[in-house]
Each structure stands twice: as structure tokens, then as C-alpha cells.
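Topology and contacts: notes
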Amino acid sequence: MEKLNTSKKFSTFRIGFIGLGRMGSNMVFNLLDHKYEVVVYNRTQEKMVEPVKAGAVGAASISELVKLLPEKKVIWLMVNAGEALDAVLAELTPLLKEGDIVVDGGNSYYKDSQKRYENLKSIGISYMDCGTSGGMGGARNGACLMIGGDKTSFDYLQDIYKDLAIPDGFAYLGGSGAGHYVKMVHNGIEYGMMSALGEGFEAIKNSPLNVNLKEVAKVYSHGSIVESKLMSWLAEAFNEDGYLDAISGEVPKGETEEEMKKLLSEADMPSLANAIKVRADSRLKPSYTGKLISAMRNKFGGHKVNKA
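In this convention, every chain numbers its residues from 1, walking through the sequence in written order. This being a predicted model, a pLDDT of at least 70 is required before a residue's local features are given, and a value of 80 or more before pairs of side-chain atoms are given or counted; all residues contribute to the totals for chains, interfaces and linings. Hydrogen atoms and water are omitted, and side-chain values are computed over all heavy atoms in the structure.

**Notes on the overall build of the protein**
Numbered from the N terminus, helices here are DSSP runs of H or I no shorter than four residues, and strands are runs of E no shorter than two. Looking only at helices and strands, one finds 13 helices and 8 strands in the protein. Relative to the globule expectation of 19 Å for 308 residues, the C-alpha radius of gyration of the protein, 21 Å, shows essentially globular dimensions. Taking the principal axes of the C-alpha coordinates as reference, the protein spans close to 70 × 40 × 35 Å. Relative accessible area decides the class of each residue, using a 1.4 Å probe on protein chains only: under 20% of the type maximum gives buried, over 50% gives exposed, and in between gives partly exposed. Counting the 308 residues in the protein, one finds 51% classified as buried. A separation threshold of at least 6 residues defines the contact pool for the protein, and within that pool the share at least 24 residues apart is 66%. On the protein, roughly 14,600 Å² of surface is accessible, and the fraction owed to carbon and sulfur atoms is 52%. We treat Lys and Arg as the positive residues and Asp and Glu as the negative residues; His and chain ends play no part in the count. Note that the charge is assigned to NZ on lysines, CZ on arginines, CG on aspartates and CD on glutamates. Taken as two groups, the 37 positive and 38 negative side-chain charges of the protein have centres that lie 3 Å from each other. Here the globule rule reads 2.2 Å times residues to the power 0.38, and the radius of gyration is calculated from C-alpha atoms. By the convention used here, residues are in contact when the closest approach between their heavy atoms is within 4.5 Å. Only the protein chains shown count as cover for residues, with accessible areas throughout obtained via the Shrake-Rupley method and a probe of 1.4 Å.

**Digging into the sheet that holds strand S4 (residues 74–77)**
Pairing between the strands of a sheet is mediated by backbone hydrogen bonds and can be parallel or antiparallel. Paired strands are those between which DSSP finds at least two bridges. Strand order in the open sheet formed by 8 strands is S3-S2-S1-S4-S5-S6-S7-S8, and the pairing between neighbours is mixed. Strand pairing shows two members of the sheet lacking a second neighbour, strand S3 (57–58) and strand S8 (165–174), which therefore form its edges. Lines fitted to C-alpha atoms define the axes, with helix axes restricted to the stretch in contact, and inter-axis angles between N-to-C directions lie between 0 and 180 degrees. Contacts between helix H8 (residues 178–205) and the sheet are confined to strand S5 (101–104), strand S6 (126–133), strand S7 (143–148) and S8, with S6 contributing the most and set at about 20° to the helix.

**Digging into the environment of Ser224**
Among the secondary structure elements, Ser224 is positioned in the loop between helix H9 (213–220) and helix H10 (229–239). For Ser224, a relative accessible area of 24% gives the class partly exposed. Whenever a nitrogen or oxygen atom comes within 3.5 Å of another N or O atom, the pair is scored as a polar contact, on the condition that within protein one atom can donate a hydrogen and the other can accept it, and that pairs from neighbouring residues in sequence are kept only if both atoms are in side chains. A distance of 3.2 Å separates a polar atom in the side chain of Ser224 from the backbone nitrogen of Val226.

**A look at the environment of Gly106**
Among the structural elements, Gly106 can be located in the loop between S5 and helix H5 (110–121). Residue class for Gly106 comes out buried when judged on its relative accessible area of 10%. In this structure the C-alpha to C-alpha distance between Gly106 and His180, which are 74 residues apart in sequence, comes to 8.4 Å. With residues near it in sequence (within four places) discarded, Gly106 still touches Leu77, Met78, Cys130 and His180.

**Quick notes on the packing of H9 against H10**
Closest axis-to-axis distance for the H9/H10 pair is 9 Å, and the angle between their directions is 150°. Classified by the angle their axes make, H9 and H10 are roughly antiparallel. In this structure, the crossing between H9 and H10 has a hand that is left-handed. Contacts between H9 and H10 involve Leu213, Lys214, Ala217 and Tyr220 on the former and, on the latter, Met231, Ala235, Phe238 and Asn239. Just so you know the grouping, Ala, Val, Leu, Ile, Met, Phe, Trp, Tyr, Cys and Pro go in nonpolar, Asp, Glu, Lys and Arg go in charged, and all remaining residues, Gly too, go in polar. Each residue belonging to the contact of H9 with H10 can be placed in one class, and the counts come to 6 nonpolar, 1 polar and 1 charged. Note that the term roughly parallel is reserved for angles under 35 degrees, roughly antiparallel for angles over 145, roughly perpendicular for angles of 65 to 115, and oblique for everything else. By definition, any crossing whose near helix is turned counterclockwise from its far helix by less than a right angle is left-handed, and any crossing with a clockwise turn is right-handed.

**Some remarks on the nonpolar core**
Across soluble globular proteins, nonpolar side chains have a tendency to be buried as a group. Throughout this description, the term nonpolar core refers to a set of buried Ala, Val, Leu, Ile, Met, Phe, Trp, Tyr and Cys residues connected via side-chain atoms within 4.5 Å. Counting residues in hydrophobic clusters, the biggest one holds 33 residues, and the most contacted among them are Phe17, Val38, Trp76, Leu145 and Tyr161. Sort the elements by how many residues they give to this core and helix H1 (residues 22–33) lands first, with 6 residues. Leu145 has contacts with Trp76, Cys130, Gly131, Thr132, Tyr161, Leu164, Ala165, Gly169, Phe170 and Ala171, leaving out every residue within four places of it along the chain. Residues Leu234, Phe238, Tyr243 and Ala295 belong to the second largest nonpolar core, which totals 26 residues.

**Details of the pattern of salt bridges**
Between side chains of opposite charge, a pair can form as their charged atoms come close. The term salt bridge refers to a side-chain nitrogen of Lys or Arg lying within 4 Å of a carboxyl oxygen of Asp or Glu. Inspection of the entire model under this criterion finds 15 salt bridges. In this structure, Asp86 engages Arg116 in a salt bridge whose closest nitrogen and oxygen atoms are separated by 2.9 Å. With Asp86 in helix H4 (residues 83–92) and Arg116 in helix H5, this pair connects stretches of sequence that are 30 residues apart. With its nearest N and O atoms 3.8 Å apart, the salt bridge here joins Lys111 to Glu266. Taken together, the positions of Lys111 in helix H5 and Glu266 in the loop between helix H11 (257–264) and helix H12 (270–284) put the pair 155 residues apart, joining distant regions of the chain.

**Remarks on the confidence of the model for the protein**
Confidence scores here are pLDDT values: one per residue, from the predictor, ranging 0 to 100. Looking at the protein as a whole, its pLDDT mean stands at 95, while 96% of the residues score no less than 70. Counting contacts from residues 1–11, a segment whose pLDDT is below 50, to residues more than four positions away or on other chains yields 23 contacts.

**Examining a nonpolar patch on the surface**
Taken together, Val219, Tyr220, Ile225 and Val226 make up a surface patch of nonpolar side chains, about 410 Å² in accessible area. Relative to the assigned elements, Val219 resides in helix H9. Patch criteria: residues need more than 30% relative accessible area and no salt bridge. Like-charged residues are merged within 9 Å; nonpolar side chains of Val, Leu, Ile, Met, Phe, Trp and Tyr are merged within 5 Å.

**Observations concerning the side chain of Ser248**
As for its placement among the helices and strands, Ser248 is situated in the loop between H10 and H11. Here Glu250 takes part through its backbone nitrogen, which lies 3.0 Å from a polar atom of the side chain of Ser248. Contacts of Ser248, omitting those with residues within four sequence positions, involve Pro286, Gly290, Lys291, Ser294, Asn306, Lys307 and Ala308.

**Quick look at the pairing of S8**
Looking along a regular strand, one sees the side chains alternate between the two faces of the sheet. Sheet topology note: the S7/S8 ladder contains 5 bridges and is parallel. The residue of S8 that forms the bridge with Gly148 is Gly174. A crossover counts as right-handed when, viewed with the strands pointing away from the observer, the path leading from the first strand over the helix to the second turns clockwise. Each parallel crossover has a hand, and the one from S7 via helix H7 (residues 151–164) to S8 is right-handed.

Next comes the structure, spelled out in C-alpha cells:
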């Protein structure tokens, strides 16, 4: 990438970053830790305050953000998939030129990413799709990145991917759409895993054995075959006094549920189909499984929970 004039010890690059929600703001902090100069913009200006305090350069508009970037511009988007993303691209694209790179780090449907790739390619702009996993903690300290698009652009940005990711936590997966497709399947697996954990704990809760679920969560998250980040977040939920009691058994609808239904139309994933049904059923009849799914979602991604 293009180096800035700097006296800092580390090589420094300037990158534009649009979208400072739970994941985006933590990724900006991560980039700042790695000595990048980051120009940030968010439609809700208040969300720019903390990143700017941490050292980011705030822009009052998308056009100002573009003007503050070097000749070859790299702009990372962490914007909600669909209409919100298209609105940002409609404003951003006319300001870019041949050779610039846009990275979509959100949960876009891969076929939509392929269309955006073709649209931008026709005017010489590279559009990379980057599935981002690891929750808020991963965004802050080392995420998992699944990347699709032009290999030359991947190579150009490889240092950024490496610095944002946990060791061995990023990969080039193929042409346009590959990153978001792999992330979509990842989300489907995640749905199934959360549902299985919730159902298992509900089975133990309903057994006649009066088992301490907090102790189950502790042992499951230390050395068992089902040990995982999700299991650790669930153990954290059990350890926080009053946390689970305050959560309803209804799982609020998330932004990825419609995408998961699209995935079911393309792949045979009965575990995912059941997990989607469990969530939908919880909105009609709240369940203990729904409570635990809500808790895990809240712990890793800060997703909304309904109060009990």
C-alpha cells in the first residue's frame, strides 16, 4: 500500500473506513493499534467520537473521507447489507477512480456481492467481499476473515488482512462472492451450533436430576469435544449474576435470517433449517433454548435481547 510521510517506527498506511457499529469501531481500534492512519465516517456522527479520540481522522461526509485518502484509495465498508450498503456505494462510487479498492466486510449475500463486483469492475474499481467473524472481541483483537475478489487486490491488501486477523485467521478463497459465500455457510453452521447448545442445556434443565447448569457450562467449556467460543460465551452468561434471568426466551430476528433462508434454497442443511425454526417458534412461544441463543448472540455480537 501507499506509505504516508511519517516518522513513526512502523510502516503506516492510510485507509478509509465507513461504518462504525459494534464491529466496525472495534476494527478501527485494531487498525490504529497496528499503526495505520484511518479516516472514518459514520452517518450517525456520534459514533465517530471514540475512534477519533483514539487517533482516527474524522470526516464529515463520504466525499470528505475520499479527499483525505492517498492517490490510490482503499475504503473498507462495515455497513448493513442490502439497501444501506447500496446507498453508501451510490454515493461513494462516483468519487472513486480506476485502481481504487472497496472492501465489503459485512454480511452481504454473495450474489449481491458478485453484482456489485461487476458494476465496479466496469469502471476499473476492485470490489472485495470479506466475510468477518469473531464477534466484537475478534474485531478488536484479531478477527477471522474470509476473502473473495481479485487476487491482485488481495495481494495488495494482504498486510491489512494479516494485521486485522488472528494468526492464520484469514485466507483468499477465490473470485468474487467466494468470501461472502463461505461466511454465509459459516453463519449457517453457527446457527446450528447455537441451537444444539441451547437444546442440550434445556434437556439437562428439564431432567429430573437437578443438575447445576453453571457447572455444566464450566466443564463443557474446558476440554470437552463441544468446547468452543460459543460455549465459552454461554459459560460467561451463566457466570454473570442475573444476566440470564433478565433475558426473554424469544430470539429477536437478526439481519442474517433472510440470508439463511436463501442458503437453504441452495444447500441441504437440515440442522440450519431446524435452527431457523427454533428461532421463529421462540417468537410465538418463548423457550429456554431461545433464552440461551439470545444470550450467546448478545455476548459475541452485542445483538439485541428482549427483556424477560
